[in-house]
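# Per-entry structural report
Spelled out from the first residue to the last, the chains are:
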Amino acid sequence: LLLATLTYDTLRFEYEDFPETKEPVWILGRKYSVFTEKEEILLDVTSRLWFTYRKNFPAIGGTGPTSDTGWGCMLRCGQMIFAQALVCRHLGRDWRWTKGKRQMDNYFNVLNAFIDKKDSYYSIHQIAQMGVGEGKSIGQWYGPNTVAQVLKKLATFDTWSSLAVHIAMDNTVVMEEIRRLCQSNFPCAGATACPSVEADLLYNGYPEEAGVRGRLSLWKPLVLLIPLRLGLTEINEAYIETLKHCFMMPQSLGVIGGKPNSAHYFIGYVGEELIYLDPHTTQPAVEPTDSGCLPDESFHCQHPPCRMSIAELDPSIAVGFFCNTEEDFNDWCQQIRKLSLVRGALPMFELVERQPSHFSNPDILNLTP
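Residues numbered from 1 in each chain as written. Predicted model: local features only at pLDDT ≥ 70, side-chain atom pairs only at ≥ 80, totals over all residues. Heavy atoms only, no water.

- The name given to the protein in an unreviewed UniProt entry is Cysteine protease, with the source organism recorded as Eubucco bourcierii.
- Annotation of the protein in UniProt includes, under Function (unreviewed entry), the sentence "Cysteine protease that plays a key role in autophagy by mediating both proteolytic activation and delipidation of ATG8 family proteins." (UniProt positions renumbered as here; feature names shortened; annotations may be inferred.)

Structural data, given as structure tokens:
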């Protein structure tokens, strides 16, 4: 704990405070004023789960790395954007973390899903090993699309959260596909199509009520991840306004991306600067105490967040959104349509009702000379 305290104290002097500006500050769909809501801004940022490099965790795969320093930054950013989805799912966007205050059980359930051990749903161990199926050896750097694909696979084992994860490829979001995915539990064709609820009640020790509630709802909460390339070597200025608007939507989970080979989790913006959480700090792996309590202070960034110019952003990113209900999704679709009418804002992706015919036509790949 002393080491962690010293680390935070030194960091406090390295990071600039928020600029004194009349520009609004947007954090994951919430609007703030620096002059009247500075404490609220910092509390909102501190409440996000912050995953950084760790050392001395159990070896990945039994014989692999015991630290992800130097290679795990995008994996950690993937954890952060997905943790935000789980926070929205189980705690709500208004939930706040306060140092020293006893948190509810669901908070620790969310945090435990990301702890550095092989049996946590979204641990560095699970992400690294699942990435092998995506062509990434353990210890290899990921891009935004790879980590999104891996998280989608891992989410299928998380019956407590019961999420529908959709990755929109080819810069196109197909509404019909998402509705089919989120309503996939209903109607039941028969006993084999509907596995018994009891079978999953105590899966991984998570609360049974949550599993039942998730299965009996008509809409699975949606995590929508959209991998994008917004330019060749640098971001095209025409996309900047659209990117800013993504942080203004209440469904926003933020953006994962960064600079070449250096990933960040972007949670908002002020003026022409992006606000982000940086995983490039190596902390010791955390073990539960003898009483089973998990020391959680090192999972919350307690210094002012980092900022960088939007123009410096690498063009390869993934944008995330969370729609807890069908109404949330319909509202998100409306906002995206309105965004296409904003002057000077080039759409980053297309929203369509049905899959375009050229996506589903197998002959499109069989071109003759």
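Now, onward.
## Regarding the nonpolar core
- Formed by 69 residues in total, the largest nonpolar core has its most connected members in Val25, Leu49, Phe82, Phe114, Tyr122, Val223 and Tyr265.
- If one sorts the elements of this core by residue count, helix α3 (residues 73–90) sits on top with 12 residues.
- Apart from residues lying up to four places away in sequence, Leu49 is in contact with Met80, Ala83, Val87, Tyr107, Val110, Leu111, Leu277, Phe299 and His300.
- One finds Leu228, Met249, Phe329 and Phe349 within the second-largest nonpolar core, a separate group that totals 41 residues. (Core = buried A, V, L, I, M, F, W, Y, C linked by side-chain atoms within 4.5 Å. Buried < 20%, exposed > 50% of the residue type's maximum accessible area, 1.4 Å probe, protein only. Helix = DSSP H or I, 4+ residues; strand = E, 2+ residues; numbered from the N terminus. Contact = heavy atoms within 4.5 Å.)

## Structural notes on unusual backbone geometry
- Positive phi, close to 45°, is recorded for Leu28, a residue that is not glycine.
- Locating Leu28 in the fold gives a position in the loop between β1 (25–27) and β2 (30–32).
- Phi is positive for Asn56, which is not a glycine, with a value near 65°.
- Following the sequence through the fold, Asn56 ends up in the loop between β3 (54–55) and α3.
- Judged by relative accessible area, which is 63%, Asn56 ranks as exposed.

## Regarding the pattern of salt bridges
- Counted under the stated rule, the structure contains 17 salt bridges.
- Across the pair Lys259 and Glu312 runs a salt bridge whose closest N-O atoms are separated by 3.3 Å. One end of the pair, Lys259, is in strand β7 (residues 252–259); the other, Glu312, is in the loop between β11 (306–309) and β12 (316–323), and 53 residues separate them in sequence.
- Here Arg307 ties to Glu273 by a salt bridge, and the two come within 2.8 Å at their closest N and O atoms. Note that Arg307 is positioned in strand β11 and Glu273 in strand β9 (residues 273–277), a separation of 34 residues in sequence.
- Here Glu273 falls in the partly exposed class, since its relative accessible area comes to 28%.
- Here the salt bridges share partners, and the residues they tie into one network are Asp44, Arg48, Arg93 and Arg96. (Salt bridge = Lys/Arg side-chain N within 4 Å of Asp/Glu carboxyl O.)

## Brief notes about the pairing of β7
- Burial analysis of β7 places 7 of its 8 residues in the buried class, which makes it a mostly covered element.
- Of the strand pairs in this sheet, β7 and β12 are connected by 4 bridges, and their pairing is antiparallel. Residue pairing for β12: Ser252 is matched across the bridge by Phe321.
- Bridging between β7 and strand β8 (residues 262–270) involves 5 bridges; their strand directions are antiparallel. If you follow Gly258 over to β8, its bridge partner there is Ala263.
- Taking the residues that link successive antiparallel strands as the turn, the β7-β8 hairpin has 2 residues, and the phi of Asn261 there is positive, at about 60°. (Pairing = 2+ DSSP bridges.)

## A word on α3
- In a regular helix each residue adds 1.5 Å, so 18 residues correspond to 26 Å; α3 covers 25 Å between its end C-alpha atoms and thus fits that length.
- Of all 18 residues making up α3, 18 are buried, and the element is well covered by its neighbours.
- Directly beyond the C-terminal end of α3, a positive phi value near 95° is found at Gly92. (Expected span 1.5 Å × (residues − 1).)

## What to know about the packing of aromatic side chains
- In the structure shown here, the tally under the stated rule is 13 aromatic pairs.
- Geometrically, the ring pair formed by Phe82 and Tyr122 is tilted, given 5.0 Å between the ring centres and 50° between the ring planes. A residue pair is termed long-range when its members are at least 10 positions apart, and Phe82 in helix α3 and Tyr122 in the loop between α4 (105–112) and α5 (124–130) qualify at 40 residues.
- By relative accessible area, which is 0% here, Tyr122 ends up buried.
- Judged by centre distance (4.9 Å) and plane angle (70°), the ring pair of Tyr107 and Phe108 falls under edge-to-face. Comparing Tyr107 with Phe108 shows no difference in burial state: the two are buried.
- Every member of this aromatic cluster is reached through a ring pair, and the members are Phe51, Phe82, Phe114, Tyr121, Tyr122 and Phe299.
- The ring of Phe299 has Arg54 lying over it, and the distance from NZ or CZ to the ring centre is 4.4 Å. (Phe/Tyr/Trp six-rings, centres within 6.5 Å; stacked < 30°, edge-to-face > 60°. Lys NZ or Arg CZ within 6 Å of the ring centre and 35° of its normal.)

## Regarding helix α9 (residues 240–248)
- Of the positions making up α9, those classed as buried are Ile240, Thr242, Leu243, Lys244, Cys246 and Phe247.
- Check the buried side of α9 and you find it contacts β1, β7, β8, β9, β12 and α10 (326–339).

## Here we look at the side chain of Asp158
- Here Asp158 shows up in the loop between α6 (144–155) and β4 (164–167).
- Despite being buried, Asp158 has no salt bridge partner; Arg89 is the closest side chain of opposite charge, sitting 7.8 Å away.
- Among residues more than four places away in sequence, those in contact with Asp158 are Leu86, Tyr121 and Tyr122. (Lys, Arg positive; Asp, Glu negative; His and termini not counted.)

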